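Reading the structure
Now for the letters of each chain:
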Amino acid sequence: MMQAKDRAQGGYVALMAVLIVGAAATAIGLALLVTGADSQRSVLVTQQSAQARNLATACVEEALQQMQNNTAFTGTGNLALGQGNCTYTVTNTGGNARTIVASSTVNNVVRRSIIYATIGATNISITSWQEIS
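For clarity, every value in this text was computed on a predicted model and none was experimentally measured.

Moving on, we come to the side chain of R98. Mapping R98 onto the fold places it in strand 3 (residues 97-106). For the buried residue R98, which engages in no salt bridge, the nearest side chain bearing the opposite charge is E62, 15 Å off. A polar contact is formed between the side chain of R98 and the backbone oxygen of G95, at a distance of 3.0 Å.

Written as structure tokens, this is what we have:
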């Protein structure tokens, strides 16, 4: 009779050990899933930020091309490339000096650049190129 009772208690101890190990394994698995999802989101935002920066650069290049084609050019324009779009504004800040402000958006990621340029007789010189927030 005593032996049957010991075996039953041993069975409960083994069952409890299995439940504790299973709960710990489930907790570890959930933590890994959450970490993986956060990592994927971070990678996606990083990729979108790079796309937005490249798109803002494309807008600046378009503005520079407009200035090359017409040295008196001032105004705005926009581009839609890939999954985003951008706008640029060229303003005359006096004489041959121009300011280009470009802003691009890819999903919810926004990148902006401000460029100061001088128009010469045969070329356009960029005196400053900054990314702004």
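Having seen the structure, we can now continue with the description.
Okay, the state of the cysteines next. For the structure on display, the rule yields one disulfide. What pairs with C59 in a disulfide is C86, and their sulfur atoms sit 1.9 Å apart. Here C59 and C86 share a disulfide; its torsion about the S-S bond, 90°, makes the bridge right-handed. Here C59 is found in helix 1 (residues 2-69), whereas its partner C86 is found in strand 2 (residues 84-94), with 27 residues between them in sequence. Judged on exposure class, the residue C59 and its partner C86 are both buried.

We now examine the pattern of salt bridges. Under the defined criterion, the tally for this structure stands at one salt bridge. Here E131 makes a salt bridge to R111, at a shortest N to O gap of 2.3 Å. Note that E131 is positioned in strand 5 (residues 124-132) and R111 in strand 4 (residues 109-119), a separation of 20 residues in sequence. Look at E131 and you get partly exposed, because its relative accessible area is 43%.

Glancing now at the sheet that holds strand 3. Pairing within the open sheet is antiparallel, and its five strands lie in the order 1-2-3-4-5. Lying at the two open borders of the sheet, with one neighbouring strand each, are strand 1 (75-81) and strand 5. Pairwise comparison of adjacent strand axes, ignoring direction, gives a mean angle of 20° for this sheet. Pairing geometry for strand 4 and strand 5, over eight bridges, is antiparallel. Across the sheet, R112 pairs through a bridge with I132, a residue of strand 5.

Right, let's get into the side chain of R111. With a relative accessible area of 18%, R111 lands in the buried category. At a separation of 2.3 Å, a polar atom in the side chain of R111 contacts the side chain of E131. Discounting residues that sit within four places of it in the chain, R111 has contacts with S49, A52, R53, A56, A102, S103, S104 and E131.

Parameters and conventions
Residues numbered from 1 in each chain as written. Predicted model: local features only at pLDDT ≥ 70, side-chain atom pairs only at ≥ 80, totals over all residues. Heavy atoms only, no water. Helix = DSSP H or I, 4+ residues; strand = E, 2+ residues; numbered from the N terminus. Buried < 20%, exposed > 50% of the residue type's maximum accessible area, 1.4 Å probe, protein only. Lys, Arg positive; Asp, Glu negative; His and termini not counted. Salt bridge = Lys/Arg side-chain N within 4 Å of Asp/Glu carboxyl O. Polar contact = N/O pair within 3.5 Å; in protein donor to acceptor, adjacent residues only side chain to side chain. Disulfide = S-S within 2.5 Å. Pairing = 2+ DSSP bridges. Axes fitted to C-alpha atoms, helices over the stretch in contact; angles between N-to-C directions. Contact = heavy atoms within 4.5 Å.

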